Amino acid sequence: PKLSTSSFPLFWLAVKGCEQRRIQQFVGDLGQSAFKETFSLEEVQIQKLSSLLKNEMIISVSESALSLAETFLHYGYIDLAILQICIACESILAKEYEAFLLSRHVTKSKIDDNRKAITFSQLLNMHVFSMRDITELPNYATIIGDINRARDLRNTIVHEGVIPVTATKNEILRILSSAKIFIEYLEKSSRQAES
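A brief structural summary. Given the structure is predicted, the values throughout are model-derived calculations rather than measurements.

Let's talk about the overall build of the chain
Secondary structure assignment for the chain yields 7 helices and 5 strands. Secondary structure elements of the chain, listed N to C terminal, follow the sequence β-β-β-β-α-β-α-α-α-α-α-α. Taking all 195 residues of the chain together, the buried fraction comes to 38%. As displayed, the chain has an accessible area near 11,600 Å², and 54% of this comes from carbon and sulfur atoms.

Laid out in structure tokens, this is it:
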């Protein structure tokens, strides 16, 4: 598979044996965590990975970022996990918002001219409500609240250079779960709109 963006090195190792197959994800160049196993794959993930490897599909930014967030969180890099959660959410929101604007006949050049004026906060707290009937997403207020919490934590990390001591692994796991649900909702509603 090809990453759609450059990121931390991440690779997969697949080993086939007598009626068994084991696939592991590894990460490199992260200090002491280099080349450590992150998790075993379920059958659904094995099928998806096999499809990616066979078809040379491009892994979406959001999917790649969520995987990195899981890996970073697993090894205690809470700050890097928070950044990747935000990248995942912001990238899919930006992609979906551009598609929405194009469907409303806003020209690509107008979108490009104003891209930097549209913030993650605006996408999450205003524009998503115009793109989708967000009330179709169960617990949408909690989910958006969790992603806003990740955004606030990201701002502390990026703008102040400080890892928030109030952020716990359990909180980030909850936020990661909310991000996955949110992204799945956006992708599903996008597919439904296309059909």
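Picking up where we left off.
Overview of the packing of helix 3 (residues 78-103) against helix 5 (residues 120-131)
The contact between helix 3 and helix 5 brings their axes to 10 Å, and the two run at 45 degrees. With respect to each other, helix 3 and helix 5 are oriented oblique. When you trace helix 3 past helix 5, the crossing you get is left-handed. Residues Cys-86, Cys-89, Glu-90, Leu-93, Ala-94, Glu-96, Tyr-97 and Phe-100 of helix 3 form the contact with helix 5, whose participating residues are Phe-120, Leu-123, Leu-124, His-127, Val-128, Ser-130 and Met-131. Here the contact of helix 3 with helix 5 is built from residues that sort into 11 nonpolar, 2 polar and 2 charged.

Observations concerning the pattern of salt bridges
Under the defined criterion, the tally for this structure stands at 10 salt bridges. Lys-108 is paired through a salt bridge with Glu-98; the nearest N and O atoms lie 3.0 Å apart. Highlighted residues: Lys-108 in helix 4 (residues 108-114) and Glu-98 in helix 3, separated in sequence by 10 residues. Given the relative accessible area of 40%, Lys-108 is considered partly exposed. For Glu-98, a relative accessible area of 17% gives the class buried.

Here we look at the state of the cysteines
Applying the stated rule across the entire model yields 0 disulfides. We note that Cys-86 lacks a disulfide partner, and the nearest cysteine sulfur, in Cys-89, lies 6.9 Å from it. Residue Cys-86 is classed as buried on the basis of its relative accessible area of 2%.

With respect to the packing of aromatic side chains
Evaluated as defined, the whole model comprises 2 aromatic pairs. Centroid distance Tyr-97 to Phe-100: 6.2 Å. Interplanar angle 20 degrees. Geometry classified as stacked. Highlighted residues: Tyr-97 and Phe-100, both in helix 3, separated by 3 residues, approximately one helical turn. Phe-100 gets classed as buried once you look at its relative accessible area, which sits at 16%. On the basis of an interplanar angle of 75 degrees and a centroid distance of 6.4 Å, the ring pair of Phe-129 and Tyr-140 is categorised as edge-to-face. Taken together, the residues span a long stretch of sequence, with Phe-129 in helix 5 and Tyr-140 in helix 6 (residues 140-160) at a distance of 11 residues.

Cut-offs applied
Residues numbered from 1 in each chain as written. Predicted model: local features only at pLDDT ≥ 70, side-chain atom pairs only at ≥ 80, totals over all residues. Heavy atoms only, no water. Helix = DSSP H or I, 4+ residues; strand = E, 2+ residues; numbered from the N terminus. Buried < 20%, exposed > 50% of the residue type's maximum accessible area, 1.4 Å probe, protein only. Areas by Shrake-Rupley, 256 points an atom, 1.4 Å probe, with all protein chains shown as cover. Axes fitted to C-alpha atoms, helices over the stretch in contact; angles between N-to-C directions. Parallel < 35°, antiparallel > 145°, perpendicular 65-115°, else oblique. Left-handed = near helix turned anticlockwise from the far one by under 90°. Contact = heavy atoms within 4.5 Å. Nonpolar A, V, L, I, M, F, W, Y, C, P; charged D, E, K, R; others polar. Salt bridge = Lys/Arg side-chain N within 4 Å of Asp/Glu carboxyl O. Disulfide = S-S within 2.5 Å. Phe/Tyr/Trp six-rings, centres within 6.5 Å; stacked < 30°, edge-to-face > 60°.

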